[in-house]
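Coordinates in review
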Amino acid sequence: MSISPEKTEEVINDLLQKLPENISLYDMRNLICELLFGMGMNPDDLPIFLILVVDGYMGNRSVDLLKKQ
């Protein structure tokens, strides 16, 4: 299943509206962990997930390019 960029933005905007203005790093970490594990991510998959996050954050988007092939 693939989520469109528009749907991803909608979900994130909704989540951001519900967060307090000043969220600590500790609370942010806990929130992200709950989201990942709530979606069924196995802790063993975390290293590859973090690589994907860095890929997206740095703008390389190598994963997106591979998907198009």
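Shown above is the structure to which this text applies.
In this report, the structure presented in the accompanying data block is examined. (Residues numbered from 1 in each chain as written. Predicted model: local features only at pLDDT ≥ 70, side-chain atom pairs only at ≥ 80, totals over all residues. Heavy atoms only, no water.)

**Structural notes on the overall build of the chain**
- Counting its secondary structure elements, the chain contains 4 helices and 0 strands.
- Scanning the chain from its N terminus toward the C terminus, one meets helices and strands in the order α-α-α-α.
- In terms of C-alpha radius of gyration, the chain reaches 14 Å, well past the compact-globule figure of 11 Å for 69 residues.
- Expressed as lengths along the three principal axes of its C-alpha atoms, the size of the chain is roughly 40 × 30 × 25 Å.
- Counting every position in the chain, which comprises 69 residues, the buried fraction comes to 4%.
- A total of about 6400 Å² of accessible surface is found on the chain, and carbon and sulfur atoms cover 62% of it.
- Of the side chains in the chain, 6 bear a positive and 11 a negative charge, and the two mean positions are spaced by 5 Å. (Helix = DSSP H or I, 4+ residues; strand = E, 2+ residues; numbered from the N terminus. Rg over C-alpha atoms; globule rule 2.2 N^0.38 Å. Buried < 20%, exposed > 50% of the residue type's maximum accessible area, 1.4 Å probe, protein only. Areas by Shrake-Rupley, 256 points an atom, 1.4 Å probe, with all protein chains shown as cover. Lys, Arg positive; Asp, Glu negative; His and termini not counted. Charge placed at Lys NZ, Arg CZ, Asp CG, Glu CD.)

**Observations regarding the layout of surface pockets**
- Counted as a void, the largest pocket has a volume near 1500 Å³.
- Lining the largest pocket we find 32 residues, and of these T8, I12, M39, F49 and V53 sit closest to its centre.
- Considering only residue class, the lining of the largest pocket consists of 23 nonpolar, 3 polar and 6 charged. (1 Å grid on protein atoms, 1.4 Å probe; cavity = no way out; pocket = protein on both sides within 12 Å on 5 of 7 lines; lining within 4 Å. Points joined across faces, edges and corners; volume = space filled by probe spheres on them. Nonpolar A, V, L, I, M, F, W, Y, C, P; charged D, E, K, R; others polar.)

**A short note on the pattern of salt bridges**
- Under the defined criterion, the tally for this structure stands at 2 salt bridges.
- Note that E10 and K7 form a salt bridge whose closest N and O atoms lie 3.5 Å from each other. With a gap of 3 residues between them, E10 and K7 both fall in helix α1 (residues 5-18), about one helical turn apart.
- Owing to a relative accessible area of 48%, E10 belongs among the partly exposed residues under this scheme.
- Overall, K7 belongs to the partly exposed group, its relative accessible area being 40%.
- Here K18 makes a salt bridge to D14, at a shortest N to O gap of 3.6 Å. Pair noted here: K18 and D14 are both in helix α1, with a separation of 4 residues, about one helical turn.
- A relative accessible area of 63% places K18 in the exposed class. (Salt bridge = Lys/Arg side-chain N within 4 Å of Asp/Glu carboxyl O.)

**Some remarks on the environment of F49**
- Summarising the element assignment, F49 is placed in helix α3 (residues 46-58).
- Look at F49 and you get partly exposed, because its relative accessible area is 25%.
- Placed 13 residues apart in sequence, F49 and L36 show a C-alpha to C-alpha distance of 9.8 Å.
- Once residues within four sequence positions are removed from consideration, F49 is found in contact with L36 and M41. (Contact = heavy atoms within 4.5 Å.)

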